[in-house]
Amino acid sequence: MDVINRALSVKGGSAKLLYVYVDVEPVSFNRGFYTVDMRFFYSVSLQAYLSCPVPVTVEGLCVFDKRAILFGSEGNAKIFSSELRTGEPDLQLMSRSNLPIAVVEAVDPIVLDARVMDCCGKRDCDCDLCEVPSFVNSCFDGELSSGDDSRRIYVTLGQFSIVRLERDSQLLIPVYDYCMPDKECSCGSGSGNEDPCCIFRNISFPVGEFFPPNTVRRPENYEECCCACGR
């Protein structure tokens, strides 16, 4: 944090998406709709410029919250499975519902802007680092600061993501029985075959295999254009 307190300016570096926490809750008085709350955790590296011309690389954690409302239909059926895992709870004795599951697909973001700003007390937009998962903290070499110093770096990131709801659904697929041949095919047998030369004569000559086809379509008024223009 001493580097940030003495920094004159910062420039964008790189950002990496570490983890996305996803939570799904049904929307009240809107049957079939669900809120998907997402918290993105980023590792951001920036270049801090002090009094010397050589920048200093600083690394920190960025947190972003997003909420989406999606339609996932309804379902209250209980599902039981016969799958067995050694050393774990028997899934065939545990029930689960067929409520939708939120899936978030995201790529690493783009650093759009970074600014050093003075802090004047606690702000509503400040994030509490006590809710950061332990494995996210382990992604950094040193200990994360809670941001209680006099200055902070605010980073603007461009994030591309796809949010969807998935659920098990019953599909009706037609099933047909095995079709066993009940007639013997006479093709290839030595008796009663047609003359191979006669069969070959009945095959059309493959002109398209020797000459490239004309794929350019003529306009509908091609003949009229030729008569009027004289071309």
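Look up a bit, the structure's there.
All figures in this text were calculated on a predicted structure; none of them were measured in a lab.

Glancing now at the environment of N202. Along the chain, N202 turns up in the loop between α3 (196-201) and α4 (207-210). Of the residues examined, N202 reaches a relative accessible area of 62% and is grouped as exposed. At 3.1 Å, the side chain of N202 and the backbone oxygen of C198 are in polar contact.

Turning to the nonpolar core, a few remarks are in order. Residues M38, F40, Y42, V44 and L46 are the most contacted members of the largest nonpolar core, which totals 22 residues. Sort the elements by how many residues they give to this core and strand β2 (residues 33-49) lands first, with eight residues. Not counting chain neighbours up to four residues away, the residues in contact with M38 comprise V20, Y21, V22, F64, D65, K66, A68, V104 and V163. Residues F41, L61, V132 and V136 belong to the second largest nonpolar core, which totals five residues.

Let us look at the packing of aromatic side chains. A full pass over the atoms with the stated rule returns five aromatic pairs. Between Y19 and F135 the ring centres are 5.0 Å apart and the planes differ by 90°, which places this aromatic pair in the edge-to-face class. Of the two residues, Y19 is situated in strand β1 (residues 9-26) and F135 in helix α2 (residues 134-137); the sequence distance between them amounts to 116 residues. According to the relative accessible area criterion, Y19 is partly exposed, its value standing at 32%. These aromatic residues form a ring-pair network of at least three members: Y19, F41 and F135.

One pass over the full model with this rule turns up five salt bridges. Among the ionic pairs, R67 bridges to D37, the shortest N-O distance being 2.5 Å. A residue pair is termed long-range when its members are at least 10 positions apart, and R67 in strand β3 (residues 56-71) and D37 in strand β2 qualify at 30 residues. The class for R67 is exposed, based on a relative accessible area of 59%. Residue class for D37 comes out partly exposed when judged on its relative accessible area of 22%. When the shortest N-O distance is used, the salt bridge between R115 and D113 registers 3.0 Å. Within the structure, one salt-bridge network assembled from shared partners comprises E105, R164 and E166.

Turning to unusual backbone geometry, a few remarks are in order. At F29, a position not held by glycine, the phi torsion is positive, near 65°. Residue placement: F29 occurs in the loop between β1 and β2. F29 sits in the exposed class, given a relative accessible area of 85%.

What counts, and where the lines are drawn
- Residues numbered from 1 in each chain as written.
- Predicted model: local features only at pLDDT ≥ 70, side-chain atom pairs only at ≥ 80, totals over all residues.
- Heavy atoms only, no water.
- Helix = DSSP H or I, 4+ residues; strand = E, 2+ residues; numbered from the N terminus.
- Buried < 20%, exposed > 50% of the residue type's maximum accessible area, 1.4 Å probe, protein only.
- Polar contact = N/O pair within 3.5 Å; in protein donor to acceptor, adjacent residues only side chain to side chain.
- Core = buried A, V, L, I, M, F, W, Y, C linked by side-chain atoms within 4.5 Å.
- Contact = heavy atoms within 4.5 Å.
- Phe/Tyr/Trp six-rings, centres within 6.5 Å; stacked < 30°, edge-to-face > 60°.
- Salt bridge = Lys/Arg side-chain N within 4 Å of Asp/Glu carboxyl O.

Purely geometric stuff here, so don't read any function into it on its own.
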